[in-house]
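Observations on the model geometry
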Amino acid sequence: MALPIVSYPTYVQDTVAAGTTAIFTGPAGYTTTITGITFNSQASNNITVSVTRVNPASTVIAYAFSLAAGDVISDNNTYVLAAGDTLEVTTTSAATNYVFTANSIAANAQVS
């Protein structure tokens with residue numbers, strides 16, 4: 001008998017386009033914790049990080065900042081996403097890279 005997956009990490013690395021991009025969506029049946037997002041800007045731009053919740057429906061801006069070309073910033077906030085919640089980044093330049101690790105735990109997992 002196969003055991004259900006209770007927890008799994010996801011390593012995410014990508015570049016966002018100008019505008020708003022959902023960089024992570026909480027998978028169905030899991031609660032996800034994201035920590036330590038690092039942004040690198042190849043061009044100067046403004047960045048806003050926000051969380052959109054499914055229940056209750058809402059969007060909260062975590063913070064906004066400006067980066068000069070070549071800047072690197074590490075976000076040490078912790079984001080907890082339920083199934084369907086999204087972590088979004090809005091940028092004014094298409095040259096922004098990001099990297100983070102998300103750890104998803106099954107909603108019905110029992111920790112002893």
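Refer to the structure presented above.
Structure report, in brief. This structure is a prediction, so every number in the text was calculated from the model and none was measured. (Residues numbered from 1 in each chain as written. Predicted model: local features only at pLDDT ≥ 70, side-chain atom pairs only at ≥ 80, totals over all residues. Heavy atoms only, no water.)

When its secondary structure is counted, the chain shows 0 helices and 8 strands. Each helix and strand of the chain, ordered N terminal to C terminal, gives the series β-β-β-β-β-β-β-β. Sorting the 112 residues of the chain into buried and exposed places 33% on the buried side. Considering only residue pairs separated by 6 or more positions, the chain has 82% of its internal contacts joining residues 24 or more positions apart. Carbon together with sulfur atoms contributes 56% to the accessible area of the chain, which is approximately 6200 Å² in total. (Helix = DSSP H or I, 4+ residues; strand = E, 2+ residues; numbered from the N terminus. Buried < 20%, exposed > 50% of the residue type's maximum accessible area, 1.4 Å probe, protein only. Contact = heavy atoms within 4.5 Å. Areas by Shrake-Rupley, 256 points an atom, 1.4 Å probe, with all protein chains shown as cover.)

Turning our eyes to something else, we now look at the side chain of threonine 86. If you trace the backbone, threonine 86 turns up in strand β7 (residues 86-91). The exposure class assigned to threonine 86 is buried, which follows from its relative accessible area of 12%. A polar contact of 3.3 Å, which involves the side chain of threonine 86, links it to the side chain of glutamate 88. Among all residues touching threonine 86, those that are not within four sequence positions of it are Ala22, Phe24, Thr25, Ser50, Val51, Thr52 and Leu81. (Polar contact = N/O pair within 3.5 Å; in protein donor to acceptor, adjacent residues only side chain to side chain.)

The next thing to look at is the pattern of salt bridges. On inspection of all chains with the given rule, the structure shows 1 salt bridge. Arginine 53 is the partner of aspartate 85 in a salt bridge, and the nearest nitrogen-oxygen pair spans 3.0 Å. With aspartate 85 in the loop between β6 (72-81) and β7 and arginine 53 in strand β4 (residues 45-53), this residue pair connects regions lying 32 residues apart in the sequence. On the basis of relative accessible area, arginine 53 is assigned to the partly exposed category, the value being 30%. (Salt bridge = Lys/Arg side-chain N within 4 Å of Asp/Glu carboxyl O.)

What follows covers the sheet that holds β4. Read across the sheet, 4 strands follow the order β2-β7-β4-β5 without closing on themselves; strand pairing throughout is antiparallel. Either end of the sheet is taken by a strand with one partner, and the two such strands are β2 (19-25) and β5 (58-67). Recorded for the sheet is a direction-independent mean angle of 20° between the axes of neighbouring strands. (Pairing = 2+ DSSP bridges. Axes fitted to C-alpha atoms, helices over the stretch in contact; angles between N-to-C directions.)

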